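# Architecture at a glance
Chain by chain, the residues:
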Amino acid sequence: MQDKLGRKLTDLRISVTDRCNFRCRYCMPEELYGEAYEFLKRDQVLSFEEIVRLTKIFIKLGINKVRLTGGEPLVRKNIEELISSISRLDKNIDLAMTTNGYLLDKFANILFSSGLRRLTISLDSLDNDIFQKMSGKKFSVEDILKGISSAKEAGFKNIKINSVIKKGVNDKGIIDLVDYCKQEGHILRFIEYMDVGTLNSWNRKSVVDSKEITEIISEKYSIHPIKKNYSSEVADRYQFDDGEGELGFISSVSNPFCMSCTRSRITADGKFVTCLFSNKGLDLKRYLRSKATDEDILNLISDNWLVRDDQYSLDRSLGKDKVKDKIEMFQLGG
Ligand code: SAM
Ligand code: SF4
Ligand code: SF4
């Protein structure tokens, strides 16, 4: 099944909650998501049964990757039950999770024993003050590092660490992150700061382009590009010349990859969204809670994918981006 621009649907990213224990400035600025902010109510969020039903339908449609995300997926109660159910659906599905890592120390073992095999942990700085400033909370970097070690001990291999670099905020800490990941055997991936949502006051000048980051790294380490694992992989991969360690660069701003974008997303309240910068989605929850059969829902999803022509990042780079009221990142799941 290919969209209007010839792109297949192979990835499903599921936001399991809109709640989060962090308040990262680039995602959920604290002044906007304080005590008074009303998150989705329990019955507005998809149940595990609904998520599993949808995942089965997406598998029929040909996806081979599922990523659980949020908000913060580890604040969703009994998330391990969802992992077990999805991992039992099809052994060929590559099931992954993106987490801020704060609760990982507590959950690493149960996540692994429930069938999760791939983990991406977001960590923007090893400097405690900068980390706290960026995550909007008084948690300590040590807690995240402890969570990452617990994941390694639990059996997770090829752990990925995602870092968003903002100019003048955490760019001085790039080498520290590289040193740490190289030493620990984690794959460090730099994500260019994006204009997702509408509330993070994004400014092109705050973006540190991947090229600039590779130049900073090259002052200390010799690195060289390597082949992508598969054609729609979003990160450009690099290896250290000494053969120890891997880096990735996700250059959605400086070098958009819309033409190979095979990703779809489901928001915590059950909307099917075909681009990270969309302002709307197809309300699947309405159908899941009606008399619609699996086949009806499958047809709705496929009709939606067939007319997809999203290419927001490419348009942005050409000065043609138009979408205004974009869905926020914590609702979409990144
Ligand atoms: N809470 C989890 C976490 O932070 O890993 C999962 C959800 S979070 C929305 C997924 C990813 O989106 C994180 O790696 C985060 O750094 C990234 N992200 C959020 N806002 C971003 C932005 N404006 N630009 C680039 N990446 C962003
Ligand atoms: Fe929470 Fe992740 Fe957004 Fe940070 S990036 S506020 S951890 S959802
Ligand atoms: Fe895919 Fe939309 Fe991102 Fe382009 S902007 S890569 S279409 S999610």
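Residues numbered from 1 in each chain as written. Chains lettered and ligands numbered in written order. Predicted model: local features only at pLDDT ≥ 70, side-chain atom pairs only at ≥ 80, totals over all residues. Heavy atoms only, no water.

## Focus: helix α9 (residues 294-306)
Selection criterion: Only DSSP runs of H or I covering at least 4 residues are called helices, and only runs of E covering at least 2 are called strands; the numbering of each starts at the N terminus. By definition here, a helix of n residues has an expected span of 1.5 Å times n minus one. Burial here depends on accessible area, computed with a 1.4 Å probe over protein chains only, as a share of the maximum for the residue type. Under 20% is buried, over 50% is exposed, and the range in between is partly exposed. Directions pointing from the helix axis toward each C-beta atom define the arc. Contact criterion: two residues are considered in contact whenever any of their non-hydrogen atoms come within 4.5 Å of each other.
Helix length check: α9, at 13 residues, gives a terminal C-alpha distance of 18 Å against a target of 18 Å (1.5 Å per residue), a fit within 8%. Those residues of α9 that fall on the buried side of the exposure criterion are I297, L298, I301, S302 and W305. An end-on view of α9 places all buried positions within 130° of arc, on one side of the element. Buried residues in α9 make contact with α1 (48-60), β10 (263-266), β11 (271-273), β12 (282-283) and α8 (284-288).

## Description of the pairing of β10
Stated precisely, the cut-off is as follows: By definition, two strands form a pair when at least two bridges between them are found by DSSP.
Neither face of β10 is open: one carries R263 and R265, the other S264 and I266, and all of them are buried. In this structure, strand β1 (residues 11-15) lies alongside β10, joined through four bridges in parallel fashion. What sits directly across from I14, in β10, is I266. As paired elements, β10 and β11 share two bridges and run antiparallel to each other. Among the inter-strand pairings, R265 is bridged to a residue of β11, identified as V273.

## What about the packing of helix α3 (residues 104-113) against helix α5 (residues 141-154)?
Angle between the axes and distance between the axes are the two parameters that describe a pair of packed helices. Here is the rule: The convention used is that axes are lines fitted to C-alpha atoms, helices contributing only their stretch in contact, and that angles between N-to-C directions extend from 0 to 180 degrees. Our angle categories are set so that under 35 degrees counts as roughly parallel, over 145 as roughly antiparallel, 65 to 115 as roughly perpendicular, and the remainder as oblique. Crossing handedness is defined as follows: a turn of the near helix away from the far one that is anticlockwise and smaller than a right angle gives a left-handed crossing, while the clockwise case is right-handed.
Between α3 and α5, whose axes approach to 8 Å, the crossing angle comes to 20°. The orientation of α3 relative to α5 falls into the category roughly parallel. Taken as a pair, α3 and α5 cross one another with a handedness that is right-handed. Residues L104, D105, A108, N109 and F112 of α3 form the contact with α5, whose own contacting residues are K146, G147, I148, S150, A151 and A154.

## So, the site of ligand 2
Put simply, the rule reads: We call a residue near a given molecule or strand whenever any one of its heavy atoms falls within 4 Å of it. Gly falls in the polar group here, along with every residue not listed as nonpolar (Ala, Val, Leu, Ile, Met, Phe, Trp, Tyr, Cys, Pro) or charged (Asp, Glu, Lys, Arg).
Around ligand 2, the structure places C20, F22, C24, Y26, C27, M28, G71 and N100. Residue composition of the shell around ligand 2, by class: six nonpolar, two polar and no charged.

## Re the site of ligand 3
Taken together, the residues surrounding ligand 3 are F257, C258, C261, R265, C275, L276, F277, R308, D310, Y312 and S313. Here the shell around ligand 3 is built from residues that sort into seven nonpolar, one polar and three charged.

## Some words on the state of the cysteines
Using the following cut-off: Disulfide: a pair of cysteine sulfur atoms within 2.5 Å of each other.
The tally for this structure, following the rule as stated, stands at zero disulfides. Here C181 is not disulfide-linked; the sulfur of C24 is the nearest cysteine sulfur, at 17 Å. Residue classification places C181 among the buried positions, given a relative accessible area of 1%.

## Overview of a nonpolar patch on the surface
Worth spelling out the cut-off: Like-charged residues within 9 Å of one another, or nonpolar side chains (Val, Leu, Ile, Met, Phe, Trp, Tyr) within 5 Å, are grouped into patches, provided each residue has over 30% relative accessible area and no salt bridge. Each accessible area is a Shrake-Rupley estimate made with a 1.4 Å probe; only the visible protein chains count as cover when residues are assessed. Each salt bridge in this description consists of a side-chain nitrogen of Lys or Arg and a carboxyl oxygen of Asp or Glu lying within 4 Å of one another.
Residues M1, L306 and V307 make up a contiguous nonpolar surface patch of about 240 Å² in total accessible area. Within the secondary structure, L306 is located in helix α9.

## What about the nonpolar core?
Condition: For our purposes a nonpolar core is just a set of buried Ala, Val, Leu, Ile, Met, Phe, Trp, Tyr and Cys residues, chained together by side-chain atoms within 4.5 Å.
Counting residues in each nonpolar core, the largest one holds 97 residues, and the members touching the most others are F58, L68, L111, F190 and I217. If one sorts the elements of this core by residue count, α1 sits on top with seven residues. In contact with I217, not counting residues within four places along its chain, are I174, I175, V178, F190, I223, L247 and F249.

## Concerning the sheet that holds strand β2 (residues 65-69)
On the basis of which strands lie adjacent, the open sheet formed by twelve strands has the order β7-β8-β9-β6-β5-β4-β3-β2-β1-β10-β11-β12 and mixed pairing. What marks the edges here is a single partner per strand, and that holds for β7 (223-226) and β12. Sheet analysis places strand β6 (residues 187-192) next to strand β9 (residues 246-250), joined by four bridges and oriented parallel. Bridge assignment links F190 to a residue of β9, and that residue is F249. Contacting β5 (160-165), β6, β7, β8 (236-240) and β9, helix α7 (residues 210-218) crosses the sheet at an angle of about 155° to β9.

## Concerning the side chain of T267
Rules: Any N or O atom pair separated by 3.5 Å or less is treated as a polar contact, with the protein-specific requirement of one donor-capable and one acceptor-capable atom, and with residues adjacent in sequence counted only for side-chain atom pairs.
Mapped onto the secondary structure, T267 falls in the loop between β10 and β11. A distance of 2.6 Å separates polar atoms of two side chains, one belonging to T267 and the other to D269. Here K271 takes part through its backbone nitrogen, which lies 2.8 Å from a polar atom of the side chain of T267. In this structure, T267 is in contact with S15, V273, Q331 and L332, ignoring residues within four places of it in sequence.

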